[in-house]
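Report on the structure
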Amino acid sequence: MILVAGSSNLDFVVQAHHIPAPGETVLGRDFKTFPGGKGANQAVASARAGGVATSFLTAMGNDTFADPIETSLHEASVLTHIVRSEDQPTGTAFICVSDDAENAITVAPGANLALQAEHLPNLQGISHLLMQLEIPLATVAAYAGAARQQGVCVVLNAAPVQELPAALLESIDVLVVNEGELATLSRHNGTVAECLERIAVPTVVVTLGHRGSCARLNGTFLVQPAYPITPIDTTAAGDTFCGSLVAALSLGLTMRQALQSAGAAGALACTRLGAQSSIPKMAEVADFLARQPAASADALDTLGAYCGLPAGTYS
Ligand code: RIB
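Presented here is a report on the structure given in the accompanying data block. Every value quoted in this text rests on a predicted model; they were computed, and no experiment measured them. (Residues numbered from 1 in each chain as written. Predicted model: local features only at pLDDT ≥ 70, side-chain atom pairs only at ≥ 80, totals over all residues. Heavy atoms only, no water.)

1. A closer look at the sheet that holds strand β10 (residues 174-178)
- Read across the sheet, nine strands follow the order β5-β4-β1-β8-β9-β10-β11-β12-β13 without closing on themselves; strand pairing throughout is mixed. The strands lining the two open edges of the sheet, one partner per strand, are β5 (79-85) and β13 (220-225). Across this sheet, the average inter-strand angle for adjacent strands is 15 degrees, counted without regard to direction.
- Sheet contacts for helix α7 (residues 237-250): β1 (2-5), β8 (128-131), β9 (153-157), β10, β11 (203-207) and β12 (212-217); angle to β8, the most-contacted strand, approximately 175 degrees. (Pairing = 2+ DSSP bridges. Helix = DSSP H or I, 4+ residues; strand = E, 2+ residues; numbered from the N terminus. Axes fitted to C-alpha atoms, helices over the stretch in contact; angles between N-to-C directions. Contact = heavy atoms within 4.5 Å.)

In structure tokens, the structure reads:
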């Protein structure tokens with residue numbers, strides 16, 4: 001079984017021509033709410049990817065904002081362990097989505113900060129623990145340490161990015177980041193490959209938006225070009241990638257296969273509005289992948305060059 005531990009938010013979303021600059025007011029269009037939160041999104045993505053069962057440890061308030069998130073988790077067949085905060089509201093996120101599918105997100109963490117070290121359930125039967133950084137860093141570090149001690153594979157999506165203590169880094173088996181997060185964590189202003197080399201975690205995966213993804217597994221590099229789509233809303237694309245990646249790894253697929261299914265799921269999530277509402281099911285991902293041609297040598301080389309990888313050093 002996969003355990004996801006992390007945040008639950010109710011997303012308040014408005015679409016507008018563009019994301020406001022500091023000091024600017026933009027007139028948007030319809031307003032909608034969606035179940036979100038990086039933790040809950042990744043749990044839904046893992047469950048919809050199929051295969052291994054997914055459970056989710058989170059904290060929510062004793063309020064009506066929690067209801068649609070719980071309904072979404074249950075509809076996706078996620079098993080939930082919910083810590084109920086009596087004095088903090090369920091987390092919320094305020095999201096502007098622009099007509100070119102970009103977003104700007106501000107999170108009010110609320111009850112997410114109530115998730116503490118003592119809330120970790122028994123890890124018996126758990127093969128993978130997947131976490132993000134919308135809950136207290138001390139909680140993430142405690143869960144990672146406990147999981148590592150019990151032989152559970154620890155996967156961290158370091159978003160929103162912050163400095164990671166050395167003890168936490170030592171407990172991580174797979175780190176998943178986007179390009180900006182990679183630059184911050186590596187403290188290096190160089191190529192993707194150079195940044196990947198500087199992070200002391202056995203496997204690091206970087207998502208590269210419309211370009212695709214790149215993984216460093218110990219000393220070897222894999223590049224995976226993106227699949228072409230017309231994006232509507234990129235919210236939760238990274239979460240979909242993470243949940244699908246861990247689901248694939250838990251099924252014993254290779255990292256190449258995991259990058260392909262995670263890339264396809266993340267691409268499909270960009271074609272629909274909202275967070276959990278946009279996450280595809282396994283059958284849809286399989287159907288989409290079956291219609292994609294194999295990546296050409298040119299596409300691999302273009303991505304390899306973008307990452308700063310010399311020819312012959314990646315596959
Ligand atoms: O990654 C997207 C998510 O970030 C949103 O659902 C929002 O809740 C924030 O946590």
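2. A few points about the packing of aromatic side chains
- For the structure shown, the criterion picks out four aromatic pairs.
- With a centroid separation of 5.8 Å and 20 degrees between ring planes, the pair formed by Phe 12 and Phe 31 is classed as stacked. Of the two residues, Phe 12 sits in strand β2 (residues 9-16) while Phe 31 sits in strand β3 (residues 31-36), which places them 19 residues apart along the sequence.
- The exposure class assigned to Phe 31 is exposed, which follows from its relative accessible area of 53%.
- Ring geometry for Phe 12 and Phe 94: centres 5.3 Å apart, planes at 20 degrees, overall stacked. Note that Phe 12 is positioned in strand β2 and Phe 94 in strand β6 (residues 91-98), a separation of 82 residues in sequence.
- Judged by relative accessible area, which is 18%, Phe 12 ranks as buried.
- Take Phe 94: its relative accessible area is 43%, and that puts it in the partly exposed class. (Phe/Tyr/Trp six-rings, centres within 6.5 Å; stacked < 30°, edge-to-face > 60°. Buried < 20%, exposed > 50% of the residue type's maximum accessible area, 1.4 Å probe, protein only.)

3. A few points about the packing of α7 against helix α8 (residues 255-269)
- Viewed as axis vectors pointing N to C, α7 and α8 meet at an angle of 150 degrees, and their least axial separation amounts to 8 Å. Between α7 and α8, the interaxial angle falls into the category roughly antiparallel. As for how α7 packs across α8, the hand of that crossing is right-handed. Counting all contacts with α7, which are made through Ala 237, Thr 240, Phe 241, Ser 244, Leu 245, Ala 248 and Leu 249, the residues of α8 involved are Met 255, Ala 258, Leu 259, Ser 261, Ala 262, Gly 263, Ala 265, Gly 266 and Ala 269. (Parallel < 35°, antiparallel > 145°, perpendicular 65-115°, else oblique. Left-handed = near helix turned anticlockwise from the far one by under 90°.)

4. Description of unusual backbone geometry
- The peptide bond linking Ala 159 to Pro 160 adopts the cis configuration, its omega dihedral lying at -10 degrees.
- Looking at the secondary structure, you find Pro 160 in the loop between β9 and α4 (166-170).
- Non-glycine residue Arg 187 carries a positive phi angle of around 50 degrees.
- Among the structural elements, Arg 187 can be located in the loop between α5 (179-186) and α6 (192-197).
- Even without being a glycine, Asn 218 presents a positive backbone phi close to 45 degrees.
- Mapping Asn 218 onto the fold places it in the loop between β12 and β13.
- Under the relative-accessibility criterion, Asn 218 is labelled exposed at 56%.

Function cannot be inferred from these measures alone, as they are strictly geometric.
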